[in-house]
Amino acid sequence: MFRILILSNQTEYAQNICNQLRQEGYSCDVAAVDESASNIVATNNPDLVIIVHQSAYSISELSYSIKEQLELSVLAIIDSDVLSRIKEHFNYVDDFIVKPFQFAEVLLRTNRLLLKLDQSKSKELLICGDLKIDLARCEVLVANRIVPLTFKEYELLKFLVNNKEKVFNRDLLLNKVWGYDYYGGDRTVDVHIRRLRSKLEDAEHSFIETVRNIGYRFRCDN
């Protein structure tokens, strides 16, 4: 479920929008615009921030602070008299809605920004059963549990997942992961495979298969 945070100096007005977003299945909260607004955003960890404010300057300051710290998508709901200052103050706003409006427009623009976010995140994830590799964070998770890996373990795993179901011999894995100028023996591969198995696999998860007399293959855990 996507999380939305509405920052506003019109809390009752914002709460009405929030309630309608909740009816559409979103998790939504409202917070007042004050000096702690940036901390509130960081604490709530939303996927999208909606700013409802009459001041173009305040919207600019808030959206800049949000983008600088967390790089979140920002949707602004503005009064019509602010339109003339869009170029000056809205450089860090991803989209905006002018009052008066219908809630359908809020929903449409919210869905658009979150779809864009979802597509962006999907490109940064490798998923194979319960195993996920977050390429942006260089994190590996199994059943939502973070698995600490060394750099070479991570690179080896990433290569195998990107080429799942294919069988690779040790020499090829050495060349692809360690490089052609690596002088270590193929036992290096065996050691790293063993370490990966000990960290990733358990009674419910089995990912790396040994193909006798050839090498290794990565299979998605079902």
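Residues numbered from 1 in each chain as written. Predicted model: local features only at pLDDT ≥ 70, side-chain atom pairs only at ≥ 80, totals over all residues. Heavy atoms only, no water.

Novice: Go over helix α3 (residues 56-69) with me, naming the residues and quoting the values.
Specialist: In this model α3 runs 20 Å from its N-terminal to its C-terminal C-alpha over 14 residues, within 8% of the 20 Å that 1.5 Å per residue would give. Looking at α3, one finds that the buried residues are A56, I59, S60, L62, S63, S65 and I66. Where the residues of α3 are buried, they touch β1 (3-8), α2 (37-44), β3 (48-52), β4 (73-78) and α4 (86-89). Taking the backbone nitrogen of Y57 as reference, a side-chain oxygen 3.3 Å away marks S55 as the first, capping residue of α3. After α3 finishes, the residue E71 shows a positive phi value of roughly 55°. (Helix = DSSP H or I, 4+ residues; strand = E, 2+ residues; numbered from the N terminus. Expected span 1.5 Å × (residues − 1). Buried < 20%, exposed > 50% of the residue type's maximum accessible area, 1.4 Å probe, protein only. Contact = heavy atoms within 4.5 Å. Polar contact = N/O pair within 3.5 Å; in protein donor to acceptor, adjacent residues only side chain to side chain.)

Novice: With reference to specific residues and values, describe the sheet that holds strand β5 (residues 95-98).
Specialist: Taken in spatial order, the five strands of this open sheet run β2-β1-β3-β4-β5, and their pairing is parallel. Because the sheet does not close on itself, it has two edges, and the strands there are β2 (27-32) and β5. Strand-to-strand twist across the sheet, computed as the mean angle between neighbouring axes with direction ignored, equals 20°. Note that β1 and β2 share six bridges and pair parallel. The residue bridging L7 from the neighbouring strand is A31, located in β2. (Pairing = 2+ DSSP bridges. Axes fitted to C-alpha atoms, helices over the stretch in contact; angles between N-to-C directions.)

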